[in-house]
Amino acid sequence: MARSLKKLIAAVFCLVLLFELSSCSANTKSAEQTGFSMGSLVGIKLYGKDASALENANLLAEVVKTDERISKNYEGSDIYRVNASGERGETVSKETYDELKSVASVYSASHERAAVLSGALTELWGFDTDDFRLPSEDEILSAKEKCGDDKLIFGDGNTVYIPDGAKLNLGSAGKGIALDEAINRINEINSQGGKITGAVISVGGSVATYGLPQKSKTWSVGIRDPYKSENDYFAVLSLTDAFISTSGDYEKRFTAEDGKTYFHILDLTTGYPVQTELTSVTVKAPTGLLSDALSTLCFILGKEESLPILEKYNADAVFVYKDKTVFATDGIKPYVKITNSDYSLV
């Protein structure tokens, strides 16, 4: 099983990161970690002059620690405890408190279509556990009434209050938050003389790039082709020191007994998956939290409503439509290279 997992993660890296090791400096060392966390494959590659610093960095542990802090499914996590306490309130770590406020602030522009207080619906559909099911209309109506960040209260002393039966879900930003923690760890190591010069960290559809493995080069990050396997990409982004997250309708999907296919990005105003002409949105942002949360928000809202929000957060996006046309905002368009002729950049 472990060998199969490593092979799969290595294949994912072929999608996420494309570069030539032969052009690396002869005295540049590298280290690699692979694993599984946050319901996703995790891959980490580090570069630098100090082999021991690379080997001891253990950024995978940072991802796992973040998952254990914010996953709604980990008993004892901050989010689990708030969900269990409901209107009585629960004190959480300052990190979780600030992250909840930040994501709720991002989703305040969604016209109530997205929220961190969305777990009642995502759990109903089975998207939190991959135990998918098509709920009844009555179940959806009942769960909808328990969603929405207008019901979320941030109290003093990092205390969070929600209505009984409502549930927080940071899943739409969790992978990005884990990337932030991993990059923070690199900065901490380097502040102690660690000399990590380059890193790429992949947690599912979210990627962070740090520094460079070599001089005068940028990382090349592939954008997955929504109509092919997870190892196929249709475009490449040439970036450095960036957080990139993709949300799409090809993840966590199932075909129900009614013959229709449903996917995990829900519109809280309907209780059903978002109706859109988009098939994916990739966002580059200053932090992992923003890239992850904004990719979901932009997928829900569509290009026109998303543009001013992206500008507000100094972020850029690549919108991919079901007809395989691609729109990129001005800040990222020069760095997008289409590699599949079935797609066209407009």
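This text goes with the structure placed above it.
Keep in mind that this is a model prediction, so the values were computed, not measured.

### Section: the overall build of the protein
Looking only at helices and strands, the protein features 10 helices and 19 strands. A globule of 346 residues ought to have a C-alpha radius of gyration of about 20 Å, and the protein, at 20 Å, matches this closely. Put simply, the protein has 346 residues, and 52% of those count as buried. Put simply, 63% of the contacts in the protein that link residues at least 6 apart link residues at least 24 apart. Within the structure as shown, the protein displays about 15600 Å² of accessible surface, and the carbon and sulfur contribution to it stands at 48%. Across the protein, 36 positive and 48 negative side-chain charges occur, with their mean positions spaced 7 Å apart.

### Quick look at the nonpolar core
Ranked by internal contacts, the top residues of the largest apolar core, which has 66 residues, are V116, L168, I186, I201, V283 and L294. With 9 residues, helix α9 (residues 288-301) is the largest single contributor of residues to this core. Once residues lying within four places of it in the same chain are set aside, the contact partners of L294 are V106, V283, I309, Y313 and A315. Counting residues in hydrophobic clusters, the runner-up holds 15 residues, among them I223, L239, V320 and A328.

### Points about the environment of I140
Within the element layout of this structure, I140 appears in helix α7 (residues 137-144). If we skip the residues at most four places from it in the chain, I140 touches L121, L124, W125, P135, T270, G271 and Y272.

### Topic: the packing of aromatic side chains
Within this structure, the stated rule accounts for 13 aromatic pairs. Ring geometry for W125 and F127: centres 5.8 Å apart, planes at 10 degrees, overall stacked. Like F127, W125 is buried. Plain terms: the ring middles of W125 and Y272 are 5.7 Å apart, the flat faces sit at 75 degrees to each other, and that makes the pair edge-to-face. Highlighted residues: W125 in helix α6 (residues 119-125) and Y272 in strand β14 (residues 272-273), separated in sequence by 147 residues.

### Some details on the sheet that holds strand β3 (residues 90-91)
With antiparallel pairing, 3 strands are arranged side by side in an open sheet as β3-β5-β4. Strand pairing shows two members of the sheet lacking a second neighbour, β3 and β4 (153-154), which therefore form its edges. The pairing of β3 with strand β5 (residues 159-161) spans 2 bridges and is antiparallel. Opposite E90, over in β5, you have V160 as the bridge partner.

### A few points about the packing of helix α5 (residues 94-107) against α9
At a closest axis distance of 10 Å, the pairing of α5 and α9 adopts a crossing angle of 35 degrees. By crossing handedness, the relation of α5 to α9 is classed as right-handed. Contact residues: α5 offers E99, S102, V103, V106 and Y107, while α9 offers L289, L290, A293, L294, T296 and L297. Residue classes in the contact of α5 with α9 are distributed as 8 nonpolar, 2 polar and 1 charged.

### Description of the environment of A199
For A199, the position within the fold is in strand β6 (residues 196-203). For A199, a relative accessible area of 0% translates into the label buried. When neighbours within four sequence positions are excluded, A199 is seen to be in contact with K45, L46, I186, A208, T209, Y210 and W219.

### Details of the pattern of salt bridges
A complete count under the given rule lists 15 salt bridges for this structure. Overlapping salt bridges bring together K72, E123, D128 and K167 as one network.

### Details of the side chain of S110
Along the chain, S110 falls in the loop between α5 and α6. A distance of 2.8 Å separates a polar side-chain atom of S110 from the backbone oxygen of Y107. At 3.2 Å, the side chain of S110 and the backbone nitrogen of R113 are in polar contact. Beyond its immediate sequence surroundings of up to four residues, S110 is in contact with L297 and L301.

### Some remarks on the pairing of strand β17 (residues 325-328)
For a regular strand, the rule is simple: side chains alternate between the two faces of the sheet. The alternating pattern of β17 places V326 and A328 on a buried face, while none of T325 and F327, on the opposite face, is buried. Summarising the sheet, strand β16 (residues 316-321) and β17 pair through 3 bridges and their orientation is antiparallel. For V318, the partnering residue across the bridge sits in β17 and is A328. Linkage of β16 to β17, two consecutive antiparallel strands, is achieved through a turn of 3 residues, within which K324 is found at a positive phi near 75 degrees. Across 2 bridges, β17 lies against strand β19 (residues 344-345) in parallel orientation. Bridge pairing in β19 links T325 to S344.

### A closer look at the side chain of E62
Within the secondary structure, E62 is located in helix α3 (residues 59-70). By relative accessible area, E62 is classed as buried at 14%. For E62, the residues in contact, after removing those within four places along its chain, are E181, A182 and R185.

### Details of the sheet that holds β16
One open sheet holds the 9 strands; their spatial order is β1-β2-β6-β7-β10-β15-β16-β17-β19, and the pairing between them is mixed. The open sheet is flanked by β1 (29-37) and β19, the only strands paired with a single partner. Of the pairings in the sheet, the one linking β6 to strand β7 (residues 206-211) comprises 6 bridges and is antiparallel in character. Residue pairing in the sheet places G198 in a bridge with G211 of β7. Running over the sheet, α9 touches β7, β10 (242-248), β15 (278-285) and β16 and is turned about 155 degrees from β15. Each of β15, β16 and β17 is contacted by helix α10 (residues 303-312), which is oriented at about 170 degrees to β16, the strand it contacts most.

Analysis parameters
- Residues numbered from 1 in each chain as written.
- Predicted model: local features only at pLDDT ≥ 70, side-chain atom pairs only at ≥ 80, totals over all residues.
- Heavy atoms only, no water.
- Helix = DSSP H or I, 4+ residues; strand = E, 2+ residues; numbered from the N terminus.
- Rg over C-alpha atoms; globule rule 2.2 N^0.38 Å.
- Buried < 20%, exposed > 50% of the residue type's maximum accessible area, 1.4 Å probe, protein only.
- Contact = heavy atoms within 4.5 Å.
- Areas by Shrake-Rupley, 256 points an atom, 1.4 Å probe, with all protein chains shown as cover.
- Lys, Arg positive; Asp, Glu negative; His and termini not counted.
- Charge placed at Lys NZ, Arg CZ, Asp CG, Glu CD.
- Core = buried A, V, L, I, M, F, W, Y, C linked by side-chain atoms within 4.5 Å.
- Phe/Tyr/Trp six-rings, centres within 6.5 Å; stacked < 30°, edge-to-face > 60°.
- Pairing = 2+ DSSP bridges.
- Axes fitted to C-alpha atoms, helices over the stretch in contact; angles between N-to-C directions.
- Left-handed = near helix turned anticlockwise from the far one by under 90°.
- Nonpolar A, V, L, I, M, F, W, Y, C, P; charged D, E, K, R; others polar.
- Salt bridge = Lys/Arg side-chain N within 4 Å of Asp/Glu carboxyl O.
- Polar contact = N/O pair within 3.5 Å; in protein donor to acceptor, adjacent residues only side chain to side chain.

Coordinates in, geometry out; function isn't part of it.
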